[in-house]
Amino acid sequence: MSTKGTKIWDENAVPKHRIQWCPGCGDFGVLAALKQALTELEIVPHELLLIGGIGCSGQIRNYLNGNAFHGTHGGALAYAVGAKMANPDLKVVALAGDGDTLAIGIENFVHVCRRDPDMVLLVMNNGVYGLTKGQDSPTAGLGQEREEFSEEHPPMVDPLLLALASEATFVAQSFSGDVKHATRMFVEAFQHPGFAFINDFSPCVTYNKFNTYEWFRDHVEHVPPDHDASSKDAAWALVRDFARRGKVPLGVVYRNPRRCKRFERLPMWEDELGEVDLEPVLAAFR
Amino acid sequence: MRTNRLKLLVGGVQLRDGVTTVTDLLGKIFTRAGLYAIAMEKGYASTIYGAHQYDPMLVTETPAVSYGDPDIDILVALDYDTNPDAKQQPNRDTVLRHGGFLRDGGILLYDASTGEIPTDDLEARGVKVFPIPARKIAHTELKKEVVKNIIMTGALFRLVDFDNDTAYLTQLLEERFLRKGRELVDLNLQAAARGREAVEKILAERGYELTVRLEPRPAKKAVYVSGNDCLGAGAIAGGVRFYAGYPITPASGILEFMERYLPKYGGRVLQGQNERESIRAAIGAALAGARAMIGSSGPGISLKVEEIGVIGATETPVIVVDAQRAGPSTGMPTRPEQGDLNLVLGSGHGDIPRIVIAPGTIEECYTLMLEACELSDKYQCPVFFLTDLNLSEGKKTVLEEVFAHRPKVTRHAIVREDDVRGKTYRRYEITESGISPRSVPGTPGAIFKTSGAEHDEFGFVSIDPAKRAAMMEKRMRKMDTYLREDWKPPQVFGEVRGAPVIVGWGNTRPVLEEARAVLQARGIKAALVHFTHVWPLRRDALDALLADAGPVVVVEQNYSGQFADLLQQELLIPTRRVLKYNGIPMHPTEVADAVQKALEREGAVVRIGGTAPVKVEVGRNEHEGD
Ligand SMILES: Cc1ncc(C[n+]2csc(CCOP(=O)(O)OP(=O)(O)O)c2C)c(N)n1
Ligand code: SF4
């Protein structure tokens, strides 16, 4: 894979040697794949808006070129919706962790899937809270037999099933250990008209000692080429089938472009606004 | 005979009797007739069928300052049978609740469809009683029950000798119903005529003489609008093109207004799926360059608090409207209070620059909103706009000239491509004013990194002590710039030097102006100092203003005296307090009485309506949440 041409993504970004991730963190793979995908898509950095979540993963917004915003834990998707509504021309990507998206941010996740804005959500799923040093996230326990669950340790949330149930129109899965495949998934996500959700398995080498690169290599399996991604039933069946077999699907699980109404950029984003005519408002109150 | 001054109150069963349908119609017609109407002390109980609802209205020839004291000239009772709230007293709920405020010699007009009610005690005070079986007439004669309120309206118009040729009523009915057919208009006009006739008959039988009349004046251009309408119009004129809300009383009206009108101006409205989605989306829209606003009330603002910090730290301009209602918690959703001052002053952890503005009148909901729009853009910090239930949902005749004030909407400190050519753009550049030029995504050469985490000038996260100190100071310097360039001193009525000073803020100004007049009439020369720009405060200016003043009495509608605390803390002066928090708006005479009491001793706290023992009734649920 060539990284030639991806240089542009290093401008306006934290220099490589200052990146704070642990050596070997899966998020490096996501960063590489993301830069590659953006390069292939010839996206212009100044038209890109990266909305970071709170967590190790969310830091990625500063590690590549493009406008970036970073607010509260769990909030990334909702900021992104507002930005996209204000300026549909922007390329908006939310970049967050599994804790950020599926614990504190689950309210936003479910509803943004329904809203179907034309943007990408890239979740770096490591099954733990990395930045706060390794507590369980809602996706903790992937592939682990759990004889009994308890109130303290409920069964994991499957992000794919939740996205499907929430009417997401693009649901895909990738693995940062396979940068080439991840790149392809990111490209397809950007090309999807509507809300594109990618669950990327991004190992936390420091705190998740179970879902390691090795573990993933043993368990990932590509979505079969004959899978009908346009069928919701097939998508459900595929996710269930993989889970039953103890495998993790990589690829596009569901894709069904919903045609959302297209809006214009809101007035007054840069220029002055001419004096408005309030007559239509006043007429109704006379 | 008194001409062109009328206080009336319309009461009935919520969602059934159409109380506000009547008062909205009256307000509109009186406004068109060149008169001034104020209906700002609405009483209702969330949208639960069966509860009592009332809407008082003052009609005057020249603009009144406030609704005034709660006395009534004409009481219109639309309830006509047992309502769950008044099981033992068919048709008497409105009369029982409000009859005591009827002036001696006033008028009671009530729906007598289910029989007449005992009114001896009222008649003993000279009250003229007009029992009109409106629903019965509508049902049996006109075959359409909904026109019962037009019968009552016709009756009321006869009682005040108004619109005898039905010109105003005809025009309004035609506007409303003509597209549904002439018959509907005629039916309504017939109903109005029946109401008149019924009054005519009683007048003849009982020999009553009428004492109040309304007379049309040369009409000026005016509208009958709520505070929510006005602040919505102000936001549109002020450049807001993105609005997000989550339904909550009394801010829902803004959401409805915006959904109706903002798209006509190229804007978009988001009904968030919860409070946080709303404010976050507004932050995102502001980030992308749109002027953005959210509206909510106390419980919703509480939920949005974490994002207030984001707005402050990321320096993203968002206007936050808090239409206050009584708290804490769900409190009293349909009752006014000035109880959220501490919330908006203290919301968010860490120190955040913020501006708090509170309009005093429905007109100011428009004019000050224009200012709020500019301030948010200029200072890139949270700008709170505090109204309350009365101001938000109350309605008033407002001259259209108010809306003629439409300053040019400009952008402050926006970086364009030309500004950054050949330079390195720094989103959080350390500046003298504290304001850093902002770029909008899509601007070539001005890529920004924004973060709510502490950051350096480029927006990269940093915990370097020197950078932290410089960035914190930069942000907070905006408040000094604001105080120098945009702060508005309080409005002062009367001579402060040597006199007792009444201090108020926000929506109570009209009542305080009238309370001051009441005191004046009693020989007490008090000044009134009223704040619309509530935070930050300019200490030097206020110190100078109050240096030679007499005792300072802060009057506000909350339990503790939140603004009084703020003044004490900022100016290091003692305050006396007059406080009301029972859910009923303040009235001039009771305020005057309370101020007089507060002047009697240092450190006095006088509570209005909060000390009487209350009879406890179990099992009555007259006030559900929303
Ligand atoms: C409101 C709030 N609660 C808690 C935190 C602390 N916190 C920071 S990151 C984080 C979780 C991060 O986990 P995840 O989203 O999975 O990202 P990762 O670090 O694993 O990439 C938490 C709980 C916070 N910043 N804000
Ligand atoms: S703690 Fe885990 S997720 Fe965070 S940088 Fe280190 S390896 Fe990555």
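In this text, all values refer to a predicted model and were calculated from it rather than measured experimentally. (Residues numbered from 1 in each chain as written. Chains lettered and ligands numbered in written order. Predicted model: local features only at pLDDT ≥ 70, side-chain atom pairs only at ≥ 80, totals over all residues. Heavy atoms only, no water.)

Caption draft 1: Expanded view of the site of ligand 2. The environment of ligand 2 is made up of W21(A), C22(A), C25(A), C56(A), N126(A), C204(A), V205(A), T206(A) and Y207(A). Among the residues forming the shell around ligand 2, the class breakdown is seven nonpolar, two polar and no charged. (Near = heavy atom within 4 Å. Nonpolar A, V, L, I, M, F, W, Y, C, P; charged D, E, K, R; others polar.)

Caption draft 2: Looking closely at the site of ligand 1. All names here are of chain A. The environment of ligand 1 is formed by 16 residues, the closest being C56, S57, G99, D100 and G130. Take G99: an N or O atom from its main chain is 2.9 Å from an oxygen atom of ligand 1. In this structure, an oxygen atom belonging to ligand 1 sits 3.1 Å away from a main-chain N or O atom of V128. When ligand 1 sits alone it has 580 Å² of accessible area, and the protein chains cover 75% of it. For the shell around ligand 1, the secondary structure elements donating two or more residues are helix 3 (98–104) and strand 5 (128–129). Residue composition of the shell around ligand 1, by class: six nonpolar, eight polar and two charged. (Polar contact = N/O pair within 3.5 Å; in protein donor to acceptor, adjacent residues only side chain to side chain. Areas by Shrake-Rupley, 256 points an atom, 1.4 Å probe, with all protein chains shown as cover. Helix = DSSP H or I, 4+ residues; strand = E, 2+ residues; numbered from the N terminus.)

Caption draft 3: Expanded view of the sheet that holds strand 20 (residues 501–505) of chain B. Residue and element names in this part refer to chain B. Across the sheet, which stays open at both edges, the six strands sit in the order 19-21-20-23-24-25 with mixed pairing between neighbours. The open sheet has two free edges, formed respectively by strand 19 (491–493) and strand 25 (605–608), since each of these has just one partner strand. Between one strand and the next, the sheet's axes are offset by a mean angle of 20°, whatever the strand orientation. Bridge count for strand 23 (residues 552–556) against strand 24 (residues 576–580) is four bridges, and the pairing is parallel. Paired with E556 across the strands is L579, a residue of strand 24. Sheet strands in contact with helix 21 (residues 588–598) are strand 20, strand 23, strand 24 and strand 25, and its direction is about 160° off that of strand 25. (Pairing = 2+ DSSP bridges. Axes fitted to C-alpha atoms, helices over the stretch in contact; angles between N-to-C directions. Contact = heavy atoms within 4.5 Å.)

Caption draft 4: View of the sheet that holds strand 12 (residues 291–296) of chain B. Residues and elements named next belong to chain B. If you walk across this open sheet you meet the seven strands as 11-10-12-13-15-14-22, and the pairing is mixed. What marks the edges here is a single partner per strand, and that holds for strand 11 (268–271) and strand 22 (533–535). When the angles between neighbouring strand axes are averaged without regard to direction, this sheet yields 25°. Along the sheet face, helix 8 (residues 227–237) touches strand 10 (240–245), strand 12, strand 13 (318–324) and strand 15 (383–388) and points at about 140° away from the line of strand 10.

Caption draft 5: Here's a closer look at unusual backbone geometry. All names here are of chain B. In this model, G327 is joined to P328 through a cis peptide bond whose omega is 0°. Along the chain, the position of P328 falls in the loop between strand 13 and helix 12 (341–346). Of the consecutive residues W535 and P536, the connecting peptide bond is found in the cis state with omega at -5°. Tracing the sequence through the fold places P536 in the loop between strand 22 and helix 19 (539–546).

Caption draft 6: View of helix 8 of chain B. Residues and elements named next belong to chain B. Across the 11 residues that make up helix 8, a large majority, 11, are buried. Looking at helix 8, one finds that the buried residues are G227, N228, D229, C230, L231, G232, A233, G234, A235, I236 and A237. In this structure S226 caps helix 8, since a side-chain oxygen of it lies 3.4 Å from the backbone nitrogen of N228. (Buried < 20%, exposed > 50% of the residue type's maximum accessible area, 1.4 Å probe, protein only.)

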